[in-house]
Structures are given as C-alpha cells and as structure tokens.
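Chain by chain, the residues run as shown.
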Amino acid sequence: MARPLLTVALIYSAGIVLADLFATLPSPFLLLALSLILGVAALGWLRARPILLWFFVFTVGAANLAQRKAVLAPDDLRVVLGERAEIATIRGRLVETPYHRVYEQQEEIVWRTIGRVDVESVHTKRGGWRPASGRVTISTPGVVAPEFFGGRSIQVEGVLQLPRRAVAEGVFDYRAFLARQGIYYQLQVESTNDWRLGSAAMPSDRRPVADRFGDWAKKALARGLPVEDQPLQLLWTMTLGWKTALSGEVAEPFMRSGTMHVFAISGLHVALIAGLLVALLKVCRVPRTWCAWIVIPLIWFYAGVTGWQASAVRSTIMMTVVIAGWALKRPSDLLNSLAGAAFIILLWDPQQIFQAGFQLSFLVVFSLALLTPLFDSIHRPLLEPENSEPTSQTAHPVRDWLVARVPGASLVFPDPLLPDELRPRWQRWIGWPVRYLFRASATSLAAWLGSIPVIAYYFHLLTPISLLANLIVVPLSSVALACNLASMTVGSLVPFVGELFNHAAWLFMLLMIRLSEWSAQIPGACVHVGTPSASFFLLYYAVLIAVTAGWLFRPRWRVWSAAAILVLGAMTLWTWRSERAVAHLTLVPLGSGDAAYFRPAGGGADLLIDCGNESSAEFALKPFLRGQGINRPSALLLTHGDVNSVGGAALIRERFPPRQVVTSEVQFRSGAYRDAIRIFENMPDLLRRVKRGDRVGPWEVLHPAAGDSFSQADDNTIVLSGHIEGVRVLFLSDLGKPGQNALMERYPNLKADLVISGLPAQGEPLANSLLEGLGAKLIVVMDAEYPASRRASQKLRDRLAEHSVEVLYLHQTAALHFRFSKGQWVYRAMNQVATTDGIPE
C-alpha cells in the first residue's frame, strides 16, 4: 500500500464523524469491547484480517469520541447542575493564566477577563458544597490581579449556566464551540472582587514557564521601541500567541483580506523556526540525525512557551512527523506524513476534527500536496527549461503561444535552446524574482482553493483578494517573525542589535497592517456568502481530488469518479433549487430591540426590517447578516424612531449598504432617528418615504396613513401585511393601543395567519378586539429576556393564553426562522425545534 497512514486516518476519522451524528451514543465501554473483539478476531482470522482491521480502526474512533462526550463520573457537572442557571461558588484550579479581551462599546474601551477552571467542588443554595468535576469557562468585566495564573487554586462566585446559543442561524454558536472542548458551563462573574485565591495556592514565584517566558519575551521585543502601539502588540500576538491584541476592530481588515492566519501559532511559524534551526545546524555540519534530536525538542519548547495552543500543538506534531521521516531517511511523502500527524492528533483529542483550525490546517496542506506538483509541472517548463524533461526543452505550447502573441513575453520566458551563460545579465537577474512570483502565486492559489468551503462555512467569507495580499503579507510576516526570533536570541547578549531587529520587525508589521487595510477596501475584495450545504462540500473536494490526483484521466477510475461527481452535482443543484423555491423570514432578537429579515422565493428583492441600536447591530445583527451571505440588502425599512430600532443604521449603511431605505412620512423626534435620516438623505435616490397603501415588494403598508401623527412614536410605526407564498402575514412592530384602534377602523375585515408583534413602550400589544378579528393561527411576540422592560409581562401572557392560538415569545425561542411554501409554513426556533401547519422541521 503506497500510503497506509492515509487509509488508517480516513477510516478512523469516519468513525468519529459518524458517531457524532447520533444524538445518543452507545456506551463507550460497549464500543471499546467491540473494538477489542474485532482486534482479536483480526489476529486470528488471516483471510478476513484486512476488513476486520478497518472495522477495528473505525470502532476505535467511535469509542474514543464516545468516551470524551459521555458522563462517566457521578460528580460530573452535568449530573450535579443539569440545565438550570444558578448562583454558585466554584473551587478548582486554573487550567491556564486568564487572558483579556478588549471591546469598544459606546465609544468606551471595555476590558474583560476570560479563564478556564478545572472544578473540584461547587456550592449552590439548594445543594450546599458538593464535589464536582468538569471544566468551566469564566467571564468577568475588568482585569484580574496578576496573582491569578495557571495552576493556582481559586474560588469564584457568579452565575453558573449553560453558555449562550447562537442568536440566529449562521451565527457563531458559543455553546457548541465550548462543548467541542469539553466545556459545558460558563460562570458569569460580576466583578474581579469575586475572585479569591484558594487555600492551596501556589507560591507567587512558581508561575508557569510560559507566563515567565511571555513576560520576558514581550520586554525583549519592545526594547528600543518608544511606545506600546498596535504594531508591537500584533508582533506579540504573532510571535507569542498573545490574545489580547486581536479585538474585533483590529482583526476586521485581516479577516476581510484573508491574511488573519498569520497571527495563529501555526504551521507557518513552526516551519519557519524548524527551517532556520535546520539551516543553522547544517552550516555547522551537524549530522541529520542529530539535527532532528535538537530541532524537535526546540519546536516543542516553542509550542509550550506560547501556551500549548491547539494550532501550535497540531503544527508541531505535523512538523515532528516530517522531521522524523527526514532524519530516518525515509522516502518523503507529504500526504502520508500529513495523515500520520492527523491520526496522532485525533487519538489525543477526537473532537479536534470538528474545529475550524484543524480542518483549515489539514485541508490547506492537503491541497498544497495535491496542487503544488501540478502547478510545478506547468510553470517549470516555462521558466526553467534547462531543469525540465528533455522532451519539454524544445517546445512548450503555452510558452510558444505567449512569446508569439504577447509583447515582451520573450523577455520573461527564456529561450530553451540558449545556454544560461549566453543570456543577457539582466535576464539572469530577473529569473529568480519571476520564478519566486510564480511559485508564491501557485502556493497562494493552492491554499485558497483548499480552504474556500471551510472559510465559507465558519466565517461566511469569500476573499479573492487574499490571493494577492498573501503574496506580500506572508513574506513580510516571515521576515518579521525571523527578526523577533533574532531579537530574543541575540538581543540579550548585544542589546543594540536586538533593538535593530525590533525596529525592523515593527516596520514589517506596520506594512502588513496598511496592506491588509488597503486590500480589504478594494471593491470585490471580500464578499459574504451563506453556509454551504453538505453536498456542496463533498462535490467541491471530490472535483478537486479527482482532477489533481488524476482520477478523471485514468481509465480505471474515470467512470467511478465522473459518476460520483455527477451524483453530488445533482444533489447540490437540487438543494440549491429547493432553497430558492421557499420564502424565508427570520426574526432576530437584539436585546433592547428586534430585527426581521425577509427573502422571497426565487431570489427576489430582500428586505431588512429595523436594525437595533448601535451595540446590538455590531455584535448580533452584523454576524447574522454575514451568516446569511448578505452584502447589500435590497431595502432597509425603519419602522419608527425608537433608538432600539434605528440606532444601528449608520453601521448597516457602512457594512451592508442597502440599495434603498424606507421610512414613513411621520417626523419622529428621536435624535438617533434624525441622525440616521440625515445620513441617508445625503445620498440621491436612496431614501423613500411610504404611507398607507404603498407597497414594499410583496408587503403592503397598512399604517400610518398620510397625515397621521400620534403622540407616541410606537403608534406611528409602520405596519406591514403580506401574502407570502399563500400565507397571510401581519407585521405590527411595536404598535400601541391607539395605533391598533386606527388599524381596526381602517381594515375591519383584516385577516392574518401569522401575526408578529413587538412590545410598545406604553400599554400592551395585540388587543383582544384586534386578535378576535384576525383569525390568526400563530402569534409571535418579539420580546427579550433582558432588560426586564423588554420581556412580555405575565399579565400579557395570561391574556394571550386565553385565545385558542399558539403564542411564541422570542425570549424563550431566541431567533425564529420561517419557511413559506405552497400556502404552508414551518418554523424553527434556535432554542427548540417547533413546527406548525403540518410540516415537520
């Protein structure tokens, strides 16, 4: 078998993935027993050994995942606490030194401390002190004292609860993210004063090596620099894995230019360090075996002092496998080494396979292994004919075509029959830069092609500009990292030399920042994309592998490859057409406000209704719109002048510029509303004012009428009615009692299957007289858990319960996603699965 580890890793991974599809896994002991039986049977049954071994590896993968997810201890936090949120005090040890995040809220800088604790005991009001086991993440406003570091015993009080779910479909799910790390609870702490050292606290001089090295390294890298500014902080992030610097605003241009990966302690860093060390040792004529014995411990030391980050551990394992094979003089096979590294990592932690970092790391290297030889076979005859096969020295169709038709092409592509010493000096000088550009472009293209579906799934981005940006940013980051490494090794002995390296690294980082910012601003540099379907994933990588591995061109595999691609293509097309044939409406809770997003069947003009205040637009609505693949909504409708409905309009205008902004003719007194309107009025043909009887796509405006001017802003809100795929939908927003009375007077025969209402500032929504005439089948109240003023009162809930209509509250369901088709609808709640009108979800 040419690549045995590749087959083993794939089968083992399949066991993990298929086991994860089951909501309730079999007992890990049962799976382990089954794997032992299969292993023993494989040893005794020679004829069936290959098949039994594959089933053995498959079962081991499933068993490994099952034992990671199972509740095995009687004092597991999942047994002790259940799903209730409680005020609790926990005792345990810090897994690592807490780190800090910086946010900007309402033009103020807010610091937050985040840490992880291995719990030993927990105290609650209903249970007192009890032994407990499990890992908890802690979140606290402010910065804790430096005495709290990794390994210390601590006691912390706060609200112990399940982590928050995604606010809507397509948005980052914090609960699922932590569950993949074996963390099922989050402790929300009010103040840093609620942190206390435990009785078994370590002496203050026994801080972890990683912390002490990090403090020393930050001082070394800052030597000679006048201030601690953004380039210096990003250098700390890139070299040491310092997490504080990459706030949302700082990271945004790197995300949009596709260069964010340079800040993860990953293969780029480890490969550079290993390459520098090997080169230095080879200059000193150190034997290959001794090189491996020296380099491998050093790269593991680097992974340790940067905090044992998952990306660093993955990269170090991969590099260890590669260096070990090189030292043992084994035949080099990148795919086999890659599979071996993946197998080791998944033995250590099978949940890694579901993490974005693991998938990106291995799919990018996998793509490089497949595509680099293909690109080499194309560009080598063009640029290095003297190093190509003899048959390609006399003729190359692409080269000959370019030289004949493109002016100046003969200056770049050398004559294959002309010896190197007879070429002009200038032509020999430009040979290396041109070859580097082609190779770097090929590497960037291969990495981009390998990562497109994964980046689209996790980050909802497609970044064509990354092909160009990485050609400059990656070399700059490599040189900056090399300068930092030189500063830390030489600077302690010769300080002024260290300062020179620090200034050089600072300059390179500044260039990286400016280039990323410039790249992100180019039109079309980055577009938002929706979550790709599973069939698209399979189709994309099936085509990539079939073409690059040559399966489509081999008679033995051609038919099977083409058949698989056609089946996957048909599945992808069917999924896409099915989604386009359905109308979608999503109600998104935004804390103090709400928003709704409507997309009609057939991909027509979409509509965003309200946008929350500035904070909720930044942290909730923006991720939701990205997750839906929205770049420019067809229209933004602002229902009324409440700051919690229009405060985020400026941010939406900047990040998701709508083609049209729709408001009512009523002049609201709200300062936030006036500011938003002033922004849109300065743009010709953007602002449209509507009144009763006007239409916005499939929606008809029922309220307010021309000349209406109620004393309360909520009574002037825009009310919409639409027939969506045969379903009558009424959107009332925060309409109060006077507005409801006016609506009933003007439309005494108004009917609706689905009624959506917010909470007015005064009075109650959905008067009994209004509900009795509508004949609704489902009512949705857009309220929120916090603040309490935005939560539906018990009085309102009791009154609505008297009607024989199902009522949903957003503070219970979180976001609601409706799908309309052929006069029926189905809805899905983020906190539960719900159905109506006979269509299961």
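The text that follows walks through the structure, step by step, so that each part is easy to find. Just so we're clear, the structure is a prediction, and the values are computed from it rather than from any experiment.

1. What about the overall build of the chain?
So, point 1. When you go through the chain residue by residue, the secondary structure sums to 28 helices and 24 strands.
So, point 2. Over its C-alpha atoms the chain spans a radius of gyration of 31 Å, differing by no more than 12% from the 28 Å that the globule rule assigns to 841 residues.
So, point 3. Seen along its three principal axes, the alpha-carbon backbone of the chain occupies a region of about 95 × 75 × 70 Å.
So, point 4. Taking all 841 residues of the chain together, 47% fall into the buried category.
So, point 5. The long-range share in the chain, meaning contacts at least 24 apart out of those at least 6 apart in sequence, stands at 68%.
So, point 6. Side chains of the chain carry 78 positive and 66 negative charges; the gap between the two charge centres is 8 Å.

2. Observations concerning the packing of aromatic side chains
So, point 1. Tallying each qualifying case throughout the model produces 22 aromatic pairs.
So, point 2. Taking 6.4 Å as the distance between ring centres and 20° as the angle between the ring planes, the aromatic pair formed by tyrosine 174 and phenylalanine 177 counts as stacked. One end of the pair, tyrosine 174, and the other, phenylalanine 177, are both in helix α5 (residues 174-179), three residues apart, so they sit about a helical turn from each other.
So, point 3. For tyrosine 174, a relative accessible area of 15% puts it in the buried group.
So, point 4. When its relative accessible area of 39% is taken as the criterion, phenylalanine 177 is described as partly exposed.
So, point 5. Ring geometry for tyrosine 597 and phenylalanine 624: centres 6.3 Å apart, planes at 75°, overall edge-to-face.

3. Things to note about the sheet that holds strand β22 (residues 806-809)
Pairing between the strands of a sheet is mediated by backbone hydrogen bonds and can be parallel or antiparallel.
So, point 1. Taken in spatial order, the seven strands of this open sheet run β16-β17-β18-β19-β20-β21-β22, and their pairing is mixed. What marks the edges here is a single partner per strand, and that holds for β16 (695-696) and β22.
So, point 2. Bridge count for strand β20 (residues 754-757) against strand β21 (residues 778-781) is four bridges, and the pairing is parallel. For isoleucine 756, the partnering residue across the bridge sits in β21 and is valine 780.
So, point 3. Each of β17 (699-703), β18 (719-724) and β19 (727-733) is contacted by helix α25 (residues 737-746), which is oriented at about 115° to β17, the strand it contacts most.

4. Considering the environment of glycine 641
So, point 1. Take glycine 641: it is sitting in the loop between β13 (635-637) and α22 (643-646).
So, point 2. Classification of glycine 641 by relative accessible area gives buried; the value is 3%.
So, point 3. Glycine 641 sits 76 residues away from threonine 717 along the chain, and the two C-alpha atoms are 8.1 Å apart.
So, point 4. If sequence neighbours within four positions are ignored, glycine 641 has contacts with Val646, Phe668, Ser670 and Tyr673.

5. Some points on the packing of helix α9 (residues 267-283) against helix α10 (residues 288-305)
So, point 1. Where α9 meets α10, the axes come as close as 10 Å, and the angle between the chain directions of the two elements is 145°. In terms of crossing hand, the pair formed by α9 and α10 is right-handed. Between α9, through His269, Val270, Ile273, Ala274, Leu277, Val278 and Leu281, and α10, the contact on the second element is made entirely by Cys291, Ile294, Val295, Leu298, Ile299 and Tyr302.

6. Section: the sheet that holds strand β10 (residues 583-590)
So, point 1. Strand order in the open sheet formed by eight strands is β15-β14-β13-β12-β11-β10-β23-β24, and the pairing between neighbours is mixed. Bordering the open sheet on either side are β15 (687-690) and β24 (824-829), each of which pairs with just one other strand. In this sheet, adjacent strand axes meet at a mean angle of 20° when their direction is disregarded.
So, point 2. As defined by bridge partners, β10 adjoins strand β23 (residues 816-821) across five bridges and the pair is classed as antiparallel. Looking at β23, one finds that leucine 585 is bridged to phenylalanine 818.
So, point 3. Packing against the sheet, helix α21 (residues 614-627) makes contact with β10, β11 (593-599) and β12 (607-609), and its axis sits at approximately 160° to β10.

7. Focus on empty space enclosed by the protein
With a probe scaled to a water molecule rolled over the atoms, the places where space remains empty come into view.
So, point 1. Under the counting rule described, the total for this entry stands at two cavities of 30 Å³ or more.
So, point 2. Empty space within the largest cavity amounts to approximately 110 Å³.
So, point 3. Lining the largest cavity are 16 residues, with Asp594, Asp610, Ser645, Ser733 and Asp734 positioned closest to its centre.
So, point 4. If you list the elements that add at least two residues to the lining of the largest cavity, you get β11, α22 and β19.

8. Some points on the side chain of histidine 811
So, point 1. Within the element layout of this structure, histidine 811 appears in helix α28 (residues 810-813).
So, point 2. At 2.7 Å, the side chain of histidine 811 forms a polar contact with the side chain of aspartate 783.
So, point 3. Non-local contacts of histidine 811, meaning those with residues more than four positions away in its chain, are made with Asp783, Ala784, Glu785, Arg791 and Arg797.

9. Re the nonpolar core
So, point 1. Counting 48 residues, the largest nonpolar core has Leu234, Met238, Phe263, Ile299, Ile323 and Met509 as its most contacted members.
So, point 2. Among the elements that make up this core, the one with the highest residue count is α10 (eight residues).
So, point 3. Discounting residues that sit within four places of it in the chain, methionine 238 has contacts with Val262, Phe263, Ile265, His269, Tyr302, Ser477, Ala480, Leu481, Met509 and Met512.

10. Describing the environment of alanine 324
So, point 1. Take alanine 324: it is sitting in helix α11 (residues 310-327).
So, point 2. Residue classification places alanine 324 among the partly exposed positions, given a relative accessible area of 28%.

11. Description of the pairing of β11
So, point 1. Of all seven residues in β11, six are buried, a share of seventy percent or more.
So, point 2. Bridging between β10 and β11 involves seven bridges; their strand directions are antiparallel. Bridge assignment links leucine 585 to a residue of β11, and that residue is phenylalanine 598.
So, point 3. Taken together, β10 and the strand that follows it, β11, pair antiparallel across an intervening segment of two residues, in which glycine 591 is found at a positive phi of about 75°.
So, point 4. In terms of strand pairing, β11 meets β12 through three bridges, oriented antiparallel. In the strand pairing of β12, alanine 596 is matched with isoleucine 609.

12. Concerning the pattern of salt bridges
So, point 1. The tally for this structure, following the rule as stated, stands at 22 salt bridges.
So, point 2. In this structure, aspartate 20 and arginine 180 form a salt bridge, with 2.9 Å as the shortest nitrogen-oxygen distance. With aspartate 20 in helix α1 (residues 4-20) and arginine 180 in the loop between α5 and β6 (183-188), the pair connects residues that are 160 residues apart, well separated along the chain.
So, point 3. Of the residues examined, aspartate 20 reaches a relative accessible area of 16% and is grouped as buried.
So, point 4. Since its relative accessible area comes to 23%, arginine 180 is described here as partly exposed.

13. A look at the environment of leucine 31
So, point 1. Note on placement: leucine 31 falls in helix α2 (residues 28-44).
So, point 2. Along the chain, leucine 31 and arginine 797 lie 766 residues apart, while their C-alpha atoms are 48 Å from each other.

14. Focus: the state of the cysteines
So, point 1. Summed over all chains, the structure comprises zero disulfides.
So, point 2. For the unlinked cysteine cysteine 284, the closest cysteine sulfur is that of cysteine 291, found at 9.1 Å.
So, point 3. We classify cysteine 284 as exposed; its relative accessible area is 54%.

15. Concerning α1
So, point 1. Taking 1.5 Å per residue, 17 residues should reach 24 Å; α1 reaches 25 Å between its end C-alpha atoms and fits that length.
So, point 2. Of the residues making up α1, those classed as buried are Val8, Ala9, Ile11, Tyr12, Ser13, Gly15, Ile16, Ala19 and Asp20.
So, point 3. Where α1 is buried, its residues touch α3 (49-69) and α12 (334-348).

16. Describing unusual backbone geometry
So, point 1. With an omega of 0°, the peptide bond running from histidine 703 to proline 704 counts as cis.
So, point 2. The topology assignment puts proline 704 in the loop between β17 and β18.
So, point 3. The phi angle at serine 733 is positive, at roughly 55°, despite the residue not being glycine.
So, point 4. Looking at the element boundaries, serine 733 is found in strand β19.
So, point 5. Here serine 733 falls in the buried class, since its relative accessible area comes to 3%.
So, point 6. Of note, leucine 766 is a non-glycine position whose phi angle comes to about 55°, a positive value.

Rules used throughout
Residues numbered from 1 in each chain as written. Predicted model: local features only at pLDDT ≥ 70, side-chain atom pairs only at ≥ 80, totals over all residues. Heavy atoms only, no water. Helix = DSSP H or I, 4+ residues; strand = E, 2+ residues; numbered from the N terminus. Rg over C-alpha atoms; globule rule 2.2 N^0.38 Å. Buried < 20%, exposed > 50% of the residue type's maximum accessible area, 1.4 Å probe, protein only. Contact = heavy atoms within 4.5 Å. Lys, Arg positive; Asp, Glu negative; His and termini not counted. Charge placed at Lys NZ, Arg CZ, Asp CG, Glu CD. Phe/Tyr/Trp six-rings, centres within 6.5 Å; stacked < 30°, edge-to-face > 60°. Pairing = 2+ DSSP bridges. Axes fitted to C-alpha atoms, helices over the stretch in contact; angles between N-to-C directions. Left-handed = near helix turned anticlockwise from the far one by under 90°. 1 Å grid on protein atoms, 1.4 Å probe; cavity = no way out; pocket = protein on both sides within 12 Å on 5 of 7 lines; lining within 4 Å. Points joined across faces, edges and corners; volume = space filled by probe spheres on them. Polar contact = N/O pair within 3.5 Å; in protein donor to acceptor, adjacent residues only side chain to side chain. Core = buried A, V, L, I, M, F, W, Y, C linked by side-chain atoms within 4.5 Å. Salt bridge = Lys/Arg side-chain N within 4 Å of Asp/Glu carboxyl O. Disulfide = S-S within 2.5 Å. Expected span 1.5 Å × (residues − 1).

Note that every value here comes from positions in space, so none of it alone points to a role or purpose.
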